[in-house]
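Overview (structure and organization)
One letter stands for each residue in the lines below.
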Protein chains: 2
Amino acid sequence: MTIYNTADINTWERFYRANFINSLTGFKSVSLIGTANNKGQNNLSVFSSMVHLGSNPPLIGYINRPLESSAHTFSNIEATGEYTINHIHSPFVHKAHQTSAKYSESISEFAEVGLTPEFLDGINAPFVKESKIKYALSLQEIIPIRLNNTFLVIGKVSRIIVEEDIVSDDGFIHLEKINSICSNGIDAYYNTDLINRFSYAKPGKPLQIIE
Amino acid sequence: MTIYNTADINTWERFYRANFINSLTGFKSVSLIGTANNKGQNNLSVFSSMVHLGSNPPLIGYINRPLESSAHTFSNIEATGEYTINHIHSPFVHKAHQTSAKYSESISEFAEVGLTPEFLDGINAPFVKESKIKYALSLQEIIPIRLNNTFLVIGKVSRIIVEEDIVSDDGFIHLEKINSICSNGIDAYYNTDLINRFSYAKPGKPLQIIE
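Everything in this summary refers to the structure shown in the same document. For clarity, every value in this text was computed on a predicted model and none was experimentally measured.

**A short note on the overall build of chain A**
Within chain A, the regular secondary structure consists of 5 helices and 14 strands. Scaling as 2.2 N^0.38, a compact globule of 211 residues should have a C-alpha radius of gyration of about 17 Å, and chain A matches this with 19 Å. Structurally, chain A occupies a C-alpha span of about 60 × 50 × 35 Å along its principal axes. Counting the 211 residues in chain A, one finds 48% classified as buried. Excluding contacts between residues fewer than 6 apart, the proportion of contacts in chain A whose partners are at least 24 apart in sequence is 58%.

**Quick word on the environment of V157 of chain A**
As for its placement among the helices and strands, V157 of chain A is situated in strand 11 (residues 150-162). Considering only alpha carbons, one finds V157 of chain A and L139 of chain A, 18 residues apart in sequence, at a separation of 9.2 Å. Once residues lying within four places of it in the same chain are set aside, the contact partners of V157 of chain A are P58, I60, Y135 and L137 of chain A together with I9, I21 and L24 of chain B.

**What about the environment of I33 of chain B?**
Residues and elements named next belong to chain B. Within the secondary structure, I33 is located in strand 3 (residues 31-36). Each C-alpha atom, one on I33 and one on L44, is 5.6 Å from the other, the two residues being 11 residues apart in sequence. Excluding residues that lie within four positions of it along the chain, I33 makes contacts with S45, F47, T73, Y83 and I85.

**Description of the interface of chain B and chain A**
When the parts of a complex come together, some accessible area is lost, and that lost area is often used as the size of the interface. At the interface, 93 residues of chain B touch 94 residues of chain A. The element that contributes the greatest number of residues to the side of chain B that touches chain A is strand 13 (residues 188-198) of chain B, accounting for 11 residues.

**A few points about helix 3 (residues 72-80) of chain A**
Residue and element names in this part refer to chain A. Considered for burial, the residues of helix 3 that qualify are T73, F74, N76 and I77. Within helix 3, the buried residues cover an arc of 165° as seen down the axis, which keeps them to one side. Turning to helix 3, the residues buried within the fold contact strand 3 (31-36), strand 4 (42-47), strand 6 (58-64), strand 7 (82-87), strand 10 (133-145) and strand 11. One or two positions beyond helix 3, positive phi appears at G81, with a value near 75°.

The rules behind these values
- Residues numbered from 1 in each chain as written.
- Chains lettered and ligands numbered in written order.
- Predicted model: local features only at pLDDT ≥ 70, side-chain atom pairs only at ≥ 80, totals over all residues.
- Helix = DSSP H or I, 4+ residues; strand = E, 2+ residues; numbered from the N terminus.
- Rg over C-alpha atoms; globule rule 2.2 N^0.38 Å.
- Buried ≥ 20, exposed ≤ 12 C-beta atoms within 10 Å, placed from the backbone.
- Contact = placed C-beta atoms within 7 Å.
- Arc of directions from axis to C-beta.

What follows is the structure, given as structure tokens:
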């Protein structure tokens with residue numbers, strides 16, 4: 001095992017450090033965020049920082065980078081209060097990664113990468129038609145993280161679209177059955193294999209495997 | 001595809017909703033957080049809400065639940081300003097899940113579940129000896145999320161312990177080679193298979209696969 005301290009980390013070249021530190025948190029949620037501006041111009045961008053905040057009310061957060069490097073998604077959410085989060089499946093992972101390119105605001109990433117916008121009544125933000133699990137959020141709060149000029153963007157789930165046959169009787173969703181992916185670092189994408197579901201843990205009580 | 005709206009979600013039974021909403025964000029980072037109180041009593045608990053905030057400085061956040069349901073880790077971090085985050089590998093996933101049981105503060109989860117505390121000079125929080133990638137953090141800021149009484153706990157990486165042979169020349173860490181796992185929902189754990197790493201995306205430029 002090798003040990004690195006703060007002085008070591010400070011000597012690392014910029015891209016080496018970005019790759020290394022981005023792998024530290026482990027495998028990440030990765031999804032496509034769909035937005036539109038007030039003129040109806042669609043935007044789609046890949047994010048790997050979705051985080052569950054609570055189920056009642058259903059609150060989900062994501063981290064938005066400093067505004068100079070990631071502006072369109074953020075400004076559309078601020079302007080309209082609406083966005084969608086769409087799972088990525090292995091057959092279109094390369095299209096999802098391509099949305100991270102810095103397109104100008106007048107360009108729709110949907111058309112550029114070959115994904116299809118899809119709309120629900122009453123929601124101006126586009127979903128990704130190819131995604132088998134996706135949800136709309138209404139903006140609740142943007143919390144600035146002053147330490148590094150990022151933002152925690154918090155939304156409340158207002159609509160869910162899902163393939164019904166992957167939802168278990170107890171509400172658990174078998175994401176591996178539709179090849180939803182996860183990511184690692186800034187550029188790696190993974191399929192998954194279920195190890196086990198385990199019963200609610202209690203002191204001194206053996207775990208059961210949930211079939 | 002089935003569509004659910006807010007009224008539907010509000011009718012869901014509590015555990016059904018928890019399972020369902022927890023799966024929405026997709027596969028999650030999952031790790032063990034190690035802390036000690038001011039008397040040196042160790043604590044270890046599984047968390048699935050680690051989120052990368054930035055690489056320079058190296059900042060990592062996690063979401064702490066409301067204090068009545070998750071108090072020891074949080075109070076130890078508040079008291080000492082130090083904690084460790086330790087990857088979970090498939091051979092000890094059941095031990096990791098068992099740390100979610102509500103043990104009293106005087107009990108060390110290390111002893112209860114059969115994992116080994118390990119220490120580095122100058123850091124009072126325990127690492128997990130069995131973990132092949134782990135890091136210490138110094139507390140930077142606790143941001144209250146008033147919408148649901150949770151907290152974003154932000155730390156700066158101060159020490160990293162890693163098996164050197166899984167780190168690529170460009171800093172990327174092949175987490176799948178050491179069977180680091182990810183999670184889904186509140187009780188499911190997964191191994192992963194690398195699909196691809198892709199080159200930095202630019203408009204109009206085909207992606208390359210990074211070998």
